[in-house]
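Per-entry structural report
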Amino acid sequence: MIEVVCAVILKDDKILIAQRSEEMKLPLKWEFPGGKLNKGEDEERAIVREIKEELNIEISPLKRISSNIHDYGSIKIKLTAYLCDYIAGEIKLLEHKDFKFVGYENLKDYDLADADIPFIENLKTLV
Ligand SMILES: Nc1nc2c([nH]c(=O)n2[C@H]2C[C@H](O)[C@@H](COP(=O)(O)OP(=O)(O)OP(=O)(O)O)O2)c(=O)[nH]1
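Worth saying up front: this structure is predicted, and the values here are computed from it rather than measured.

The subject of this paragraph is the site of the ligand. Around the ligand sit 17 residues, and of these Glu31, Gly35, Lys36, Ala113 and Ala115 come closest. Contributions of two or more residues to the shell around the ligand are made by strand 1 (2-11), strand 4 (34-36) and strand 6 (76-88). Here the element with the most residues in the shell around the ligand is strand 4; it accounts for three residues.

Cross-referencing UniProt, the feature "domain: Nudix hydrolase" (unreviewed entry) maps to residues 1-125 in the present numbering. Each end of residues 1-125 is marked by a C-alpha atom, and these two atoms are 29 Å apart; helix forms 16% of the span and strand 42%.

Here we take up the nonpolar core. Judged by nonpolar contacts, the single largest core of 29 residues is most densely connected at Ala7, Val8, Ala81, Tyr82 and Cys84. Listing elements by their share of this core, those giving two or more residues are strand 1, strand 2 (14-19), helix 1 (43-55), strand 5 (58-71) and strand 6. Not counting residues within four places of it along the chain, the set of residues in contact with alanine 7 comprises Phe32, Pro33, Gly34, Ile47, Ile51, Ile59, Tyr82 and Cys84.

Right, let's talk about the pairing of strand 2 for a bit. The sheet contact formed by strand 1 and strand 2 spans two bridges and is antiparallel. Its bridge partner lying in strand 2, lysine 11 is registered against lysine 14. Counting the residues in the hairpin turn of strand 1 and strand 2 gives two residues, including aspartate 12, whose phi is positive at 50°. Two elements, strand 2 and strand 7 (residues 98-102), share five bridges in a ladder whose sense is antiparallel.

Relative to strand 6, strand 5 runs antiparallel, the two being bridged by 12 bridges. In the sheet register, proline 61 faces strand 6, and the bridge partner there is cysteine 84. In sequence, strand 5 turns back onto strand 6 through a hairpin of four residues, with glycine 73 there showing a positive phi of about 95°.

Moving on, we get to unusual backbone geometry. One non-glycine residue, aspartate 13, lies in positive phi territory at about 65°. On the secondary structure map, aspartate 13 appears in the loop between strand 1 and strand 2. In the Ramachandran plot, leucine 28 falls in the positive-phi region, its phi being about 70° despite a non-glycine side chain. Within the secondary structure, leucine 28 is located in the loop between strand 2 and strand 3 (30-31). Leucine 28 gets classed as exposed once you count the C-beta atoms within 10 Å, which come to 12.

Rules behind the numbers
- Residues numbered from 1 in each chain as written.
- Predicted model: local features only at pLDDT ≥ 70, side-chain atom pairs only at ≥ 80, totals over all residues.
- Near = placed C-beta within 6 Å.
- Helix = DSSP H or I, 4+ residues; strand = E, 2+ residues; numbered from the N terminus.
- UniProt positions renumbered as here; feature names shortened; annotations may be inferred.
- Core = buried A, V, L, I, M, F, W, Y, C linked by C-beta atoms within 7 Å.
- Buried ≥ 20, exposed ≤ 12 C-beta atoms within 10 Å, placed from the backbone.
- Contact = placed C-beta atoms within 7 Å.
- Pairing = 2+ DSSP bridges.

See the structure below:
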């Protein structure tokens, strides 16, 4: 099972979602950006590193939301989400195709990766 961490980044009460590119796995799906844990790396360090690598911004993890285990058939992932504050920097799309800041109520209108869907319910009381 692959361990993946992702960031639910808040800015002005909106949530950042990013669209995977055609070249990535799960092409064109929307997700909470993040990536795989390196060996020996803790989750909070991994999420800060991945967001800098993918979006060029600094974030600060606030709270662990929950983990979902999802089996895509070819791979099984454990996806752990952290609620994060946007600290600094201008977003540059270094891997993704697009990004948006959306209100909580609009998250369901995007074609999110299957593993992310349970987070919508878990976020209800947090945002
Ligand atoms: N980052 C991220 N990955 C997700 C989410 N939902 C979901 O199913 N995934 C899957 C897609 C990938 O199969 C896997 C993580 O891959 P990734 O491509 O983002 O991770 P990475 O940057 O470390 O990968 P790599 O390109 O170095 O191989 O988890 C999500 O919300 N965020």
